[in-house]
Amino acid sequence: MCVGWGCRECVLCACLSVLLRDTTSLHFFVCQYAHMKTNVCASVDTGFESRVCSPAALSDPDGGPCRRTYCGRGRQCVLMAETGRAECVCQEKCRPSFVPVCGSDGRFYENHCEVYRTACLERRRIYVVHSKDCFFKGNACTMSEYNRLKSMLLDMQPKVLKDGAQSQQRDMEQKRALVDTMFKYLDVNQDGRLISDELEKVCLKFEHLEDSLLECTMQDLLRYDDYNNDGHLSLHEFYTAFQVVQLSLAEDQRISISTVTVGLSAVLTCAIQGTLRPPIIWKRNGIILNFLDLEDINDFGDDGSLYITKVTTIHMGNYSCHAYGYEDLYQTHVLQVNVPPVILVYPETQAQEPGVSASLHCHADGIPNPKLLWLKNGMDLQPRSSKQLSLIANGSELFIGSVRYEDTGAYTCIAKNEVGVDEDISSLFVEDSAKKTRLSVGNMFYVFSDEGITVLQPSECEIHRHMKRTERIIATYEEMCPKGEGVSPQHCVWSSAVNIRDKYIYVSQPLQSRLLVVDIQAQKVVQAVATDPYPVKMLYDKSHDQVWVLTWGDMEKTHPTLQVIPQASVGEVHHAIRTTFQRVNDFFIPPTNLIITHVRFAFVFLKNEPAIHKIDLETFHRVKTISLKNYSCIPVSMAYTHLSGFYFVQCQSKGLLPTPAQLLIDSVTDTVVGPNLNVTGQAFVSPDGRYVVTADPLSSRLIVQTVSFQGELGLNRQIDQPVAVSDLVFQPSFTQSNQHVVVATSASGTDLLFADLSSGRTEVLQSLKEPLAPQAWPWGGPNRVVVSSGLFGQYLLTPSVESLFVLNGKQRTPHCEVSDIKRGNTVVWVGEV
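Here is a short report on the structure shown in this document. All of these numbers come straight from a predicted model, not from anything done at the bench. (Residues numbered from 1 in each chain as written. Predicted model: local features only at pLDDT ≥ 70, side-chain atom pairs only at ≥ 80, totals over all residues. Heavy atoms only, no water.)

### Some points on the packing of aromatic side chains
Going through the model one piece at a time under the given rule, you end up with twelve aromatic pairs. A centroid spacing of 5.5 Å and a plane angle of 85° characterise the contact between W548 and F620, whose relative ring orientation is edge-to-face. Highlighted residues: W548 in strand β39 (residues 546–551) and F620 in the loop between β44 (611–616) and β45 (622–627), separated in sequence by 72 residues. Residue classification places F620 among the buried residues on the basis of a relative accessible area of 17%. (Phe/Tyr/Trp six-rings, centres within 6.5 Å; stacked < 30°, edge-to-face > 60°. Helix = DSSP H or I, 4+ residues; strand = E, 2+ residues; numbered from the N terminus. Buried < 20%, exposed > 50% of the residue type's maximum accessible area, 1.4 Å probe, protein only.)

Following this line, the structure appears as structure tokens:
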């Protein structure tokens, strides 16, 4: 029983207690508006213990045909005397209540009923316009009061002791149970809809509330939360009113794997379902993507799907989605990007005399790894014997032990994987008149030393050409290495060199503040390009045919600048363009390969600044600054893998402080993912992007990580053979296709390390003589370089103080030593010309 209740003039109040099956009580205090002096209390059997106040004019519960007829808004059911059938007509009048609304016809109405009654009478569509002017006119319930009203409805429910660790998901489940019960009670006819009549029968009265809140009634639920303006509240709208969220994810959909071919678009759809699902949030490497305004991930569909407009290999990896505010429930999408094969054969053509051996090489990049097969003159090639004809390294080399006339032909290498096929032809001619061709100017090492430029043919260990320091530059007739003030005796000083499409070599002369341009075909120095003082480092941007040059200003690096030489491969007079970047400490341009043929951005490090500046290679403008301040990282070097798009940043070590961890940056989002495990030191990435090798400065060991075709970075192994790495190069394996061998030189010793990345097996070459002392090589970079002879070459070259060592990488042995070449620490390989 309810006792001690006071009612305002027109309101008779009673209390209702609803007993839930689980014995949890849900309490409503209800009263009814009635514009009459007397009301009659009736007891309604709802299956719960209850007391309800209702007017004497309540309908007969047996209501006949009209009980089963729903007429819609603004209409009522009447029983036709002639036929005895129920029909819908326009309402004669609405119950007097003041819940002001605006109609779409621009008129003001006292309540929703008047809007729809007028629409019925005038036979036209009039709908409620949720206008601020109508909502807050007079003493109507305001939004803030309405929200307080809903909060109090929930607060009146019995309090459940909550565990401090209780999740938001569990809280929402309890809230949903309360709202479900509330809806079922209010839905008198149990049709799954709350209409105005049902809500009008009850209103809420609270003790000790401000008078303004009493203007809010249960009918205001229709006023504020009938989103589709259909005159009733569905359960979903009721959930919305009370902000009930219920999410679910099928167990078999927690991980979704998608495979997309490079260049196509991809759509990742979040499988999280539920009532009033909040906006979907997508993450990559823990970084939220929705608000980054990314170039290639710039559209999130109405259903929360993630759209990648043009997929590249950097997009592979894991993506996760969750509803906003509900991070505990998430779905993981693994995106694998497939790439059709791209093939390269070597040599394109060769002539051999009968009886000699011949090799035809084929290399293919693709994802998944392509399988290789050979055709001869369009027919399947069946190896006859291991001595005469054999396929080596999974078909990447076709070896003919002793060529015969019938071996003449066109040998086609075909590469296949799941998404494509590519092929190329290597021609072999067997003839008596085939003589040893004159050595070409290609397939040579070009070594820049104190004495000038040495062109070395590695297989024969033959010096093909020597350009002395006094040789003249064609364009200016100056000496190649003029004697400078205080430099005695006269010798050349070089610091960096780059190969420009096997047409030119650009090499820097820091003391002369210039670059020399070597024409490879003519084997002459054809031009000197003036730069700012002390050009020390160059990189070639093949995508835009530009040479980027870092200059120091002086030996103390007080005025470093960054300059660019455009159209580097064009035979014309070149000049350097000064960029706007000052205080440059170093820069990095990602490499290209058979798959990645275009690079758009470079990265610049400024002195003592914990940041990396992203530069547009075409416009030279700064695109973005990536801060490393949170990690106290001053960057000193970078490496990059196009698989998943990770940048590996080496941080500067300060004095006695511990060496900072290597940082990972995601190239899709240009944000720092975090430390790369506990790896420190400079990273080197294999040409195919699958191996990341870091020279640990503390242990002098190599740490090998792998990048899978799903973009997952994992620790592979540690090479236990210690080497204080000066330089490191990758050489293709001669026994397995799509595998690599690491070759590393020592900064202080005479050893050279070979390490097989697939097996971890190592071999050490010793006694290669002492390298240049670090102080004897002040230009940065390695004091003992190692340079390979290209994708199909088996030779490597590394200098000592006064000689050159040519190594046979296939046999992992020294091949020869070339003496009397001092400080030959600037080396370039030139392939086919």
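### Some details on the sheet that holds strand β48 (residues 663–666)
Within a beta sheet, neighbouring strands are joined by backbone hydrogen bonds and run either parallel or antiparallel to one another. Pairing within the open sheet is antiparallel, and its four strands lie in the order β46-β47-β48-β49. Only two strands of the sheet have a single partner each, and these edge strands are β46 (635–641) and β49 (671–675). Neighbour to neighbour, the strand axes of the sheet diverge by 30° on average, direction disregarded. Strand direction decides the pairing type here: strand β47 (residues 646–651) and β48, joined by four bridges, are antiparallel. Note that in β48 the partner of V649 across the bridge is L663. (Pairing = 2+ DSSP bridges. Axes fitted to C-alpha atoms, helices over the stretch in contact; angles between N-to-C directions.)

### Regarding the pattern of salt bridges
In this structure the tally under the stated criterion is 22 salt bridges. Residues K150 and D225 are paired through a salt bridge, measuring 3.8 Å at the closest nitrogen-oxygen approach. Here the residue K150 occupies a position in helix α3 (residues 143–155), and D225 occupies one in helix α6 (residues 220–225), the gap between them amounting to 75 residues. Under the relative-accessibility criterion, K150 is labelled buried at 11%. Overall, the relative accessible area of 3% leaves D225 in the buried class. Between R465 and E471 there is a salt bridge whose closest N-O contact spans 2.9 Å. (Salt bridge = Lys/Arg side-chain N within 4 Å of Asp/Glu carboxyl O.)

### As for helix α1 (residues 112–122)
Counting buried positions along α1 gives eight out of eleven residues, so the element sits mostly inside the fold. The complete set of buried residues in α1 reads H112, C113, V115, Y116, R117, T118, A119 and C120. Tucked into the core, α1 has its buried residues touching β5 (75–79), β6 (86–90), β7 (101–103), β8 (108–109), β9 (128–129) and α6. In the stretch just after α1, R123 is the one whose phi turns positive, near 55°. (Contact = heavy atoms within 4.5 Å.)

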